[in-house]
Amino acid sequence: MAKPPSRPASSATRLVGAGRRPEWTGTADHPSAVVSPPVWRASTHLYPNTAALKEGPRHNADGRFYYGRRGAPTQWALAEALTEMEPAAGPDGGSLLYPSGVAAIAGAVLTAVGPGDVLLMTDNAYEPSRVLARNFLARFGVETRWFDPLDLGGFERTLCDRTRAVLLESPGSLTLEVQDVPALAHFARKRGACIILDNTWASPLGFSALDHGVDISVMSLTKHVGGHSDLMMGSATAGAEWYRKLRQTSQVLGQVASPDDAALALRGLRTMQVRLERETASALAIAHWLEGRPEVARVLCPMLPGSPGHELWRRDFTGGCGLFSFVLKGGTAQARDALIDSLDLFGIGYSWGGFESLVTPLEPAHARSASPWPLAGMDPADRFGLRLSIGLEDPADLIADLEQGLAAWGASL
Ligand SMILES: *Cc1c(COP(=O)(O)O)cnc(C)c1O
């Protein structure tokens, strides 16, 4: 793919122009005729003659249309925009799109491991990533070992000569521990392992993964990039070497994303920075408020001092987001569910990163194998929690809603 045009350094400014190449937004007579790349719904490219048809595959370095499975300008514009958000990918690096975030994780992991290899996975990983390893990769002779996300020494001891890939998730999307990604990547690289990071929480706007030693940065675009809870998509961004390998895997497995969804994701991307800034400020205000409540034992929010890995968040991140968890003091699952059911402004549903606030029960115990829940330093009686995805509502309204929710909790004990 051709070198992306050089952009001003600020990510906010880059977000506005990213992926808007004149050849994707214009016509021959009118370069840049429209602002956003139109939706190209296409499987088939028509050639003027058989000679051009035979040349088609050779010209397809993704910058020219060849066949729908290799994408079209709408998908390329989104992929290029995502790459521009990770400048360390370099001119020959790039991004692949997938039909979901899980597909992106699978695409990255399957690119890096083979029979006999060991995959190391952080213990706070998104549960479907664990299922992929346990129920699928194991059938193909890939062994997975889990490590405590906060224990660098333990990670180093778990690495072995067969470790071909490491899957990190920082912060983890349930328990929100921030990992020392540069240190973990340093140890893993010495063993020749590919470092894959699920960067869905921060996105490149909050954490420039490739600058911190990551080889493949994966995101569920379903969350903040889409931002409106109306599409499913994933991405993987890498420098030249891993981008080339990721493309091969995608083509073999037939991974494609629809042009309509790509256009929606591109629209979401344009406003992502302002949405993230607003959500982050609201989440921090709500996290502070929860911390002062007698019913609350622990708030797990990377932006909040005292949250696991907060110092690493301050050191490595340039932003946050609205997803965090909190744990109640003692109590019962029933009282926690009464709290959730009493909320008016929080939708009850999986996913996060949309414009609207969501809540789910936090029950990570069954999805951990190398580190404890409750986390070290927490009272074992404090087990029932909630995960909140803070949207664009007025934070004062959300706090008022949570206040009456805590009253429902108290009444149910
Ligand atoms: C939602 C999510 C995914 C998976 O994304 P889908 O688009 O739902 O497949 C991966 N990682 C994290 C951290 C997520 O929250």
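Model, not experiment: these values are computed from the prediction.

Colleague: Quick one: what's the story with the pairing of strand β7 (residues 234-238), residue by residue and with numbers?
Modeller: Counting buried positions along β7 yields 5 of 5 residues, so the element is predominantly enclosed. Going residue by residue along β7, you find G234, A236 and A238 tucked away on one face and S235 and T237 tucked away on the opposite face as well. Of the pairings in the sheet, the one linking strand β1 (residues 94-98) to β7 comprises 5 bridges and is antiparallel in character. Considered in β7, the bridge of Y98 is made with G234. Note: strand β6 (residues 216-220) against β7, 5 bridges, orientation antiparallel. By the bridge assignment, S217 is partnered in β7 with T237.

Colleague: Just give me the short version of the pattern of salt bridges, but keep the residues and values in it.
Modeller: Following the criterion strictly, the structure yields 16 salt bridges and no others. For the salt bridge of R145 with E143, the shortest nitrogen-to-oxygen distance reads 2.8 Å. Note on R145: relative accessible area 26%, which makes it partly exposed. The partner of E143 in a salt bridge is R162, and the shortest N-O contact between them spans 3.0 Å.

Colleague: I'd like a rundown of helix α5 (residues 101-112), residues and numbers included.
Modeller: Taking 1.5 Å of rise per residue, the 12 residues of α5 would be expected to cover 16 Å, and the 17 Å separating its terminal C-alpha atoms lies within 8% of that figure. Three or more residues of α5 are buried, namely G101, A103, A104, I105, A106, G107, A108, V109, T111 and A112. The backbone nitrogen of V102 lies 3.4 Å from a side-chain oxygen of the residue at the head of α5, namely S100.

Colleague: How would you explain the domain arrangement of the protein chain if you had to name every residue and give the values?
Modeller: Taken domain by domain, the protein chain consists of domain 1 (11-270) and domain 2 (272-412). A straight line from the C-alpha centre of domain 1 to that of domain 2 covers 28 Å. Buried area between domain 1 and domain 2, summed over both chains or domains, comes out near 3400 Å², and the portion from carbon and sulfur atoms is 59%. When the buried surface of domain 1 facing domain 2 is broken down by residue, V178, W201 and H224 rank first, second and third, together holding 22% of it. Linking domain 1 to domain 2 there are 2 salt bridges. With a shortest N-O distance of 2.7 Å, R315 and D180 are connected by a salt bridge. Put simply, domain 1 and domain 2 have 22 residue pairs in polar contact (both at pLDDT 80 or more) between them. Only α1 (11-17), α6 (127-136), β3 (143-147), α9 (203-206) and α11 (259-270) provide two or more residues apiece to the side of domain 1 that touches domain 2. Across the side of domain 1 that touches domain 2, the residue classes tally to 17 nonpolar, 17 polar and 9 charged.

Colleague: Lay out the packing of aromatic side chains in plain terms, naming residues and giving numbers.
Modeller: Under the defined criterion, the tally for this structure stands at 5 aromatic pairs. Pairing W201 with F317 gives two aromatic rings, centres 6.2 Å apart and planes at 70°, and the pair type is edge-to-face. Placement of W201 in the loop between β5 (194-198) and α9 and of F317 in the loop between α13 (310-316) and β9 (323-328) is noted, with a sequence separation of 116 residues between them. In terms of burial, W201 and F317 fall into one category: buried. Measuring from ring centre to ring centre gives 4.7 Å for F207 and F317, while their planes differ by 25°; the resulting arrangement is stacked. With F207 in the loop between α9 and β6 and F317 in the loop between α13 and β9, this residue pair connects regions lying 110 residues apart in the sequence. Per residue, the accessibility class of F207 equals that of F317, and both read buried. Ring pairing ties together the aromatic residues W201, F207 and F317, which thus form one cluster. Across the ring face of W146, the terminal group of R134 is positioned such that the distance to the ring centre comes to 4.8 Å. When the ring centre of W242 is taken as origin, the NZ or CZ atom of K245, which lies over that ring, is 4.3 Å away.

Colleague: Outline the site of the ligand, listing residues and values.
Modeller: Around the ligand sit 15 residues in total, of which G101, D198, T222, K223 and W352 are the nearest. A distance of 2.9 Å separates an oxygen atom of the ligand from a polar backbone atom of V102. At 2.6 Å from an oxygen atom of the ligand is found a side-chain nitrogen or oxygen belonging to T222. Starting from 370 Å² of accessible surface for the ligand in isolation, the protein chains cover 94%. A total of 3 residues in the shell around the ligand trace back to one element, the largest contributor, which is α5. Taken together, the residues that form the shell around the ligand break down as 6 nonpolar, 6 polar and 3 charged.

Rules behind the numbers
Residues numbered from 1 in each chain as written. Predicted model: local features only at pLDDT ≥ 70, side-chain atom pairs only at ≥ 80, totals over all residues. Heavy atoms only, no water. Buried < 20%, exposed > 50% of the residue type's maximum accessible area, 1.4 Å probe, protein only. Helix = DSSP H or I, 4+ residues; strand = E, 2+ residues; numbered from the N terminus. Pairing = 2+ DSSP bridges. Salt bridge = Lys/Arg side-chain N within 4 Å of Asp/Glu carboxyl O. Expected span 1.5 Å × (residues − 1). Polar contact = N/O pair within 3.5 Å; in protein donor to acceptor, adjacent residues only side chain to side chain. Domains from an automatic or database assignment. Buried area = accessible area lost by both parts, 1.4 Å probe. Nonpolar A, V, L, I, M, F, W, Y, C, P; charged D, E, K, R; others polar. Phe/Tyr/Trp six-rings, centres within 6.5 Å; stacked < 30°, edge-to-face > 60°. Lys NZ or Arg CZ within 6 Å of the ring centre and 35° of its normal. Near = heavy atom within 4 Å. Areas by Shrake-Rupley, 256 points an atom, 1.4 Å probe, with all protein chains shown as cover.

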